[in-house]
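Working through the structure, step by step
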Amino acid sequence: MHFLDQAKIYLKSGAGGPGAVSFRREKYVEYGGPDGGNGGKGGDIVFEAVQGLNTLIDFRYSQHFKAQRGGHGMGKDRYGAGAPDLVIPVPVGTQILSEDKEEVLADFTEIGQRIVFLEGGMGGRGNASYKTSTNRAPRQHQPGMPGEEMWVWLRLKLLADVGLLGLPNAGKSTFINQVSNAKAKVGAYAFTTLVPKLGVVTHKGREFVLADIPGLIEGAAEGAGIGDRFLGHIERCRVLIHLIDISGVDPVEAMQIVEGELEAYGAGLDDKPRLVALNKMDLADKELGEGFAEELIAAGATKVFRVSGATGEGIEDLLDAVLGYLPDRTATETQEAEVEDEGEAPDWSPI
């Protein structure tokens, strides 16, 4: 499994370098005295959100991150070198949690976002800095401040504009393959999708990211099936598409099961706008689809779309409705605009 959305790591910033105790003693030099330099600053622990990562798999094989300590102060008033910062790249959407997972310490929502998480220790003072008119030969110095250390949890919440959810075998993988180039695994058995899958959808000149999560079953909020672990990946979505298999269990019951799990999970998922879609219409006649749609509306659905992930039937109307919930420019569209601006060459001139 190459997808990992949680990891526990150990962090330690660099300690400051110790100050030096040194005295200048040179023949024929009139002014001697203390000349021990200060120590250098320890390296900081810095997190940076980078493009191109969508998993925390790298942290499975490397869990300890320690920055270098500052350089030692030396004689002749030479200061120790400051240690370089240790920069840890993480995917956009990563949260840093305390060891008990009770507090969110940092949240990365934009590419290029940098946070100095742990500061390195300050370098210690050398004996030259203690010299006064009454203390001509000081021998005291500082060893340098220690670095900070702690265990933290990294939790990834994928940044997607639209979330796709439903019971197992609702046809979510077929649907995302129909509208994008996700190439999700499709199978005639439950829990074909074991990890979240992202796909970029292009529709009527717009682009947005669609996230498909593993199927939910009754009791998922209490850990049944795969559980509610992957629901965090649709917390940031603007709208949810709820696919219901017209050839499976009763559609009204299927809708109520998923809505119950969203409410039990919390985090505002039950308040997000949802588009209900009856899927696999290629396996049922029109009258049956209309009858189930009326039952779903009576059960609380605002509108029901009748679609087929296999044939593409009705998908265009569903995507039209999705566009109404998107901002003027999505994250993928913003990145494309930046690339185009960088590629524009200025008018050539010999001067």
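Shown above is the structure to which this text applies.
Quantities reported herein were computed from a predicted structural model and do not represent experimental measurements. (Residues numbered from 1 in each chain as written. Predicted model: local features only at pLDDT ≥ 70, side-chain atom pairs only at ≥ 80, totals over all residues. Heavy atoms only, no water.)

**Considering the sheet that holds strand β1 (residues 6–12)**
- One open sheet accounts for five strands, arranged β5-β1-β10-β7-β8; its pairing is mixed. Edge positions in the sheet fall to β5 (64–66) and β8 (104–107), since each of these pairs with one other strand and no more. Geometrically, the sheet is characterised by an average inter-axis angle of 30° between neighbouring strands, direction not taken into account.
- The sheet contact formed by strand β7 (residues 94–97) and strand β10 (residues 149–156) spans four bridges and is antiparallel. If you follow Leu97 over to β10, its bridge partner there is Trp153. (Pairing = 2+ DSSP bridges. Helix = DSSP H or I, 4+ residues; strand = E, 2+ residues; numbered from the N terminus. Axes fitted to C-alpha atoms, helices over the stretch in contact; angles between N-to-C directions.)

**A few points about the sheet that holds strand β4 (residues 45–50)**
- Pairing within the open sheet is mixed, and its three strands lie in the order β6-β4-β9. Because the sheet does not close on itself, it has two edges, and the strands there are β6 (86–91) and β9 (114–118). The mean inter-strand angle of the sheet, taken between neighbouring strand axes irrespective of direction, is 30°.

**Thoughts on a negative patch on the surface**
- On the surface, Asp250, Glu253, Asp285, Glu287, Glu290, Glu294 and Glu295 cluster together into a negatively charged patch.
- At four residues, helix α3 (residues 286–298) tops the list of elements feeding residues into the negative patch.
- When you line up the elements, Glu294 lands in helix α3. (Patch = residues over 30% accessible without salt bridge, like charges linked within 9 Å, V, L, I, M, F, W, Y side chains within 5 Å. Areas by Shrake-Rupley, 256 points an atom, 1.4 Å probe, with all protein chains shown as cover. Salt bridge = Lys/Arg side-chain N within 4 Å of Asp/Glu carboxyl O. Lys, Arg positive; Asp, Glu negative; His and termini not counted. Charge placed at Lys NZ, Arg CZ, Asp CG, Glu CD.)

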